[in-house]
Amino acid sequence: MVPHSECLEYKFTCPLPNGLHARPANLLEQVVSEFRSTISLLNLSNNKVANTRSVLSMVGADIKEGDECIIKVSGEDKETAYKELVRFIKNELSGCDDALPETAVVGDLYIPPVLAAADVSFYTGMPVVAGFGRGKVVHVEALKLPANIAGSTVDDPDTEIALLKDAVTRLQAEISVKLKSPAVSAMEKEILGAQYSIAADEELVKFACDRISGSAVNAGTALLNAFEHFSAILRDACSELIRERIVDLQDVCSQLLKMLYGSCGSDKIVLDGPSVCVAENLTPSQFISMDKTHLKALATVNGSSTSHVVILARSYGIPTLVGVKDACVGLSSGQEVFVDANYGLLVYEINEKVERFFALEDRMQSCHEEHLSAYVDKTASSADGFTLKVVANIALAAEVEAAMARGAEGVGLFRTEMLFMDRSDVPSEEEHFAEYKAAAEAADGKPVTIRTFDIGGDKEVACLDLVSEENPFLGYRGVRIYQEYETVFKSQVRAILRASAFGKLKIMIPMVTCVDEVIYVKGVLDSVMEELSAESVTFDADIELGVNIEVPSAAFIIPQLAEYVSFVSLGTNDLTQYFLAVDRGNKQVSSLYQNRHPGFLWLVNNIVEQAHSCSLKVSMCGEMAGQLENLPLLLATGIDELSVAAPAILPIKAAVGEYETSLCRDMLDKALKAKTVKHVNDILSEFSTQNSEKPVIQVSLVDLDADCINKPEVIKYVCNVLFCDRRAANAIDLEKDFWRREAVYSTGLGHGIAVPHCKTSFIKCNSICVLRLKQPVEWESLDGEPVDMIFGMTIKDVEQAGNAHMRIFSKLARNIMHEEFRDTIRNLGSEQAIVEYLFEKLELA
Ligand code: PEP
Ligand code: MG
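Presented here is an overview of the structure given in this document.

What counts and what doesn't
- Residues numbered from 1 in each chain as written.
- Chains lettered and ligands numbered in written order.
- Predicted model: local features only at pLDDT ≥ 70, side-chain atom pairs only at ≥ 80, totals over all residues.
- Heavy atoms only, no water.
- Donors = N, O, S within 2.8 Å, 3.2 Å for Na, K, Ca; no water.
- Helix = DSSP H or I, 4+ residues; strand = E, 2+ residues; numbered from the N terminus.
- Buried < 20%, exposed > 50% of the residue type's maximum accessible area, 1.4 Å probe, protein only.
- Pairing = 2+ DSSP bridges.
- Axes fitted to C-alpha atoms, helices over the stretch in contact; angles between N-to-C directions.
- Contact = heavy atoms within 4.5 Å.
- Near = heavy atom within 4 Å.
- Polar contact = N/O pair within 3.5 Å; in protein donor to acceptor, adjacent residues only side chain to side chain.
- Areas by Shrake-Rupley, 256 points an atom, 1.4 Å probe, with all protein chains shown as cover.
- 1 Å grid on protein atoms, 1.4 Å probe; cavity = no way out; pocket = protein on both sides within 12 Å on 5 of 7 lines; lining within 4 Å.
- Sits in = over half its atoms within 2 Å of the grid points.
- Nonpolar A, V, L, I, M, F, W, Y, C, P; charged D, E, K, R; others polar.
- Phe/Tyr/Trp six-rings, centres within 6.5 Å; stacked < 30°, edge-to-face > 60°.
- Lys NZ or Arg CZ within 6 Å of the ring centre and 35° of its normal.
- Disulfide = S-S within 2.5 Å.

1. Quick look at the coordination of the magnesium ion (ligand 2)
No. 1: Within the protein, the magnesium ion (ligand 2) binds to Glu-550 (OE) and Asp-574 (OD); these donor distances fall in the range 1.9 to 2.0 Å. Of this pair, Glu-550 sits in the loop between β18 (544-549) and α19 (552-555) while Asp-574 sits in helix α21 (residues 572-580), and the two are 24 residues apart along the sequence.
No. 2: With a relative accessible area of 3%, Glu-550 lands in the buried category.
No. 3: Accessibility expressed as a relative area gives 1% for Asp-574, which makes it buried.

Written as structure tokens, this is what we have:
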């Protein structure tokens, strides 16, 4: 302690493990605010000086644990201020830094060994749309000024300063009100508290006001300048906690802009080459405005697999990661990056090994896409000529075009609830009409089934004043609420009918329990038709009406329903929960939520039978329809149509041809008699194994000139070959199983030969992939020698597999002992010769 005649100084060492981040800075600022003296803080380790009345300024001084600091106090109440500050620093500062709550959970992270070997840095995120893309970073600005405001100068800076200060005061008042609300959680309070202190930050407001008076810019521009200035300071900080404050700063500035100008102008984003779009949050309109031919991937800090923009990205097949915490802060515009939404990575350091990794990913994706693209315009047809229609589930009209491009033969479920979400008023008839007309036109004559709004249950909306219920899934939802909200319902029906003049629309009623509900809807439909006719409005008078079978009681009155409707669609998400009495969203009972329960399969089969005997078309639009492993069970029922998320369309269309429906039927008959789900799964798995029977080794599994530079590349290459030969549904799970085995012991058997292998549920049939490497690679072999011949062996993990893999493995091992075998396998001139030789030596015939 060195008292000074004019200035009192106190030297201390920062005791905070995470440095002086926003929370302790905020508390220090509160102490300071009690006094009138000038109080500054000097970080001796970097000579940065901070104004203690500004949290941003203090955080920007980048004070880390162990840094020596001096607090300097001068002014009329310096003695009392000094005493209080010393007391606070000695007694309280170190206690200001409790562990913060965990931030984004990204799920199980698996770093592909090829990339781990590349020794580069990357960000992680949660993959919500699979695939990978490469492009230049385009930051989507969270803060944007309306076009007429941006860049304009002002004649009267004082008025502009007053406007800015008024916005700050209003924002502070708004946050204070929220802080007092009992509904606000402790965590939210902490965030609001941080925002309040930023909104009240002296330096922030001063910087913006100085910009206005110094350069005659408008308040919005000054605010953007202040944001850029302070976020650059925070970005330089070493502590992650400090860097995270940029999010709060951005939030506060964006709220201030809204206070100044209302909602901000155009959201159009221009991309002029392959781009990876990086944003804190992205709005659907921003997404829609982007040229999708240039948009290679998305990485956002916030968002979830069900956010609107992710739903859109999925239907356009844009690889997407959410929860990429540092993406906005750490990446510069124009920087080249890879987003791998198969593994959940954003790689921003690119070296030769990274290029090789992505070349492997690219080849795999291309071969997959090439295979699927053949089915875009084809109708799915089984080996014995049964045709199955495959259509799309959508939630926004903007998805239709992308779904069509991905093979959809129409839309089987348009969930219209989305139109009601995130708003305080109900959508007008015109809004409904615009959406349905757009969908009808984009479908270009193909049918679009619009499900009238299914609100209630877990789908809460603020614009209908529904009271909360103890058992929402068994309560007031779907068609049950239409009579009370008849005006809202009628306006939707009017809009659908008006839009029916622009394409082929159908109407589907959600949550039907009994015939009376259908009679009611039909009554509304008839009366709306009369109204429209009276108004001379054109519509499709023969529009088809159908029922979403989601409640078991409806499944047992199909003949009665058939008097009023022309199709049914199985909503298996709800039907499963009601049939098995298992809440679809309750994790504690999720193991009981099984649509391969033999009783449920019986129900599905029975619904199709009943509906067909009443000449009704049958579709299925729940998640069960999109799970490829269920396809043989569903084909067996003779169902007419599956309605699935866009990415599932082509894989289903491609797979239908692999089955004979008569054989599927025999398998279903067995499954219906099964006692347990496990038994059903075994029957299904055995059937799939027989159905996808392929030779253990064939020419497509042999590469005599494989270009791999290390063991991780070899294993990934083997998995990719198996995936491209459609022996594995995905290469990553297979890769993990190979590495699990490799972790136990190295599979380098000596003599330059390695036999990586695994027994795995991710392979459809037993397979051996043979690679002759261009260059030997290190494998930690028994004899310490590098390897140049690879036998990648996968055995299907089913009960009947027994010790098949050990049999093949030991035969292979015995052969490897012989020089003659080794020489022959190294010198045979063609893939076919290798296949024949191995068939003989391993007695595979
Ligand atoms: C269903 O229940 O299967 C269905 C398609 O409806 P949602 O998932 O919208 O409830
Ligand atoms: Mg449902």
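This is not the end of the story, as more comes after the structure.
2. What about the sheet that holds strand β2 (residues 38-43)?
No. 1: Here four strands make up an open sheet; going across it, the order is β1-β4-β2-β3 and the pairing antiparallel. The open sheet is flanked by β1 (8-13) and β3 (48-51), the only strands paired with a single partner. If you compare each strand with its neighbour and ignore which way they point, the axes differ by 20° on average.
No. 2: In the sheet, β1 pairs with strand β4 (residues 68-74) via six bridges, with the strands oriented antiparallel. Paired with Leu-8 across the two strands is Val-73, which belongs to β4.
No. 3: Against the sheet, helix α3 (residues 78-91) touches β1, β2 and β4, its axis set at about 5° to β1.

3. Concerning unusual backbone geometry
No. 1: Positive phi is not limited to glycine here, since Asn-47 has a value of about 60°.
No. 2: Summarising the element assignment, Asn-47 is placed in the loop between β2 and β3.
No. 3: Residue classification places Asn-47 among the exposed residues on the basis of a relative accessible area of 56%.
No. 4: Its identity is not glycine, yet Asp-444 carries a phi of approximately 55°, on the positive side.
No. 5: Its location among the elements puts Asp-444 in the loop between α16 (429-442) and β16 (447-451).

4. Points about the site of ligand 1
No. 1: As a matter of local geometry, ligand 1 sits amid 14 residues, with Arg-415, Arg-451, Lys-459, Gly-571 and Asn-573 nearest to it.
No. 2: Residue Arg-451 places a side-chain N or O atom 2.7 Å away from an oxygen atom belonging to ligand 1.
No. 3: Between an oxygen atom of ligand 1 and a main-chain N or O atom of Gly-571, the distance comes to 3.2 Å.
No. 4: Contact with the protein chains hides 99% of the accessible area of ligand 1, taken as 290 Å² for the molecule alone.
No. 5: Using a 2 Å cut-off from the grid points, one finds that ligand 1 occupies the largest cavity.
No. 6: When contributions to the shell around ligand 1 are tallied by element, the ones reaching two or more residues are β15 (411-415) and α21.
No. 7: Classifying every residue of the shell around ligand 1 gives two nonpolar, four polar and eight charged.

5. Notes on the packing of aromatic side chains
No. 1: As enumerated under the stated definition, the model contains 20 aromatic pairs in all.
No. 2: Arranged with centres 6.1 Å apart and planes meeting at 25°, the rings of Tyr-110 and Tyr-343 form a pair that is stacked. Of this pair, Tyr-110 sits in the loop between α3 and α4 (113-118) while Tyr-343 sits in the loop between β11 (336-340) and β12 (345-347), and the two are 233 residues apart along the sequence. As far as burial versus exposure is concerned, Tyr-110 and Tyr-343 are alike and both buried.
No. 3: Here the aromatic cluster, defined as three or more aromatic residues joined through ring pairs, consists of Tyr-110, Phe-132, Phe-338, Tyr-343, Phe-357 and Phe-358.
No. 4: Note that Lys-378 overlies the ring of Tyr-375, its terminal NZ or CZ placed 4.9 Å from the centroid.

6. A word on the state of the cysteines
No. 1: In this structure the tally under the stated criterion is one disulfide.
No. 2: Residue Cys-367 pairs covalently with Cys-724 via a disulfide, S to S 2.3 Å. Measuring handedness by torsion sign, the sulfur bridge of Cys-367 and Cys-724 sits at about -120° and is left-handed. Residue Cys-367 is located in helix α14 (residues 352-373), and its partner Cys-724 is located in helix α28 (residues 711-724); the two are separated by 357 residues in the primary sequence.
No. 3: Taking the relative accessible area as the measure of exposure, Cys-367 reaches 24% and is therefore partly exposed.
No. 4: Classification of Cys-724 by relative accessible area gives partly exposed; the value is 25%.
No. 5: Cys-614 provides the cysteine sulfur closest to Cys-514, a residue in no disulfide bond, and the two sulfurs are 18 Å apart.
No. 6: The structure places no disulfide on Cys-664, whose sulfur is separated from the nearest cysteine sulfur, that of Cys-765, by 17 Å.
No. 7: Judged by relative accessible area, which is 0%, Cys-664 ranks as buried.

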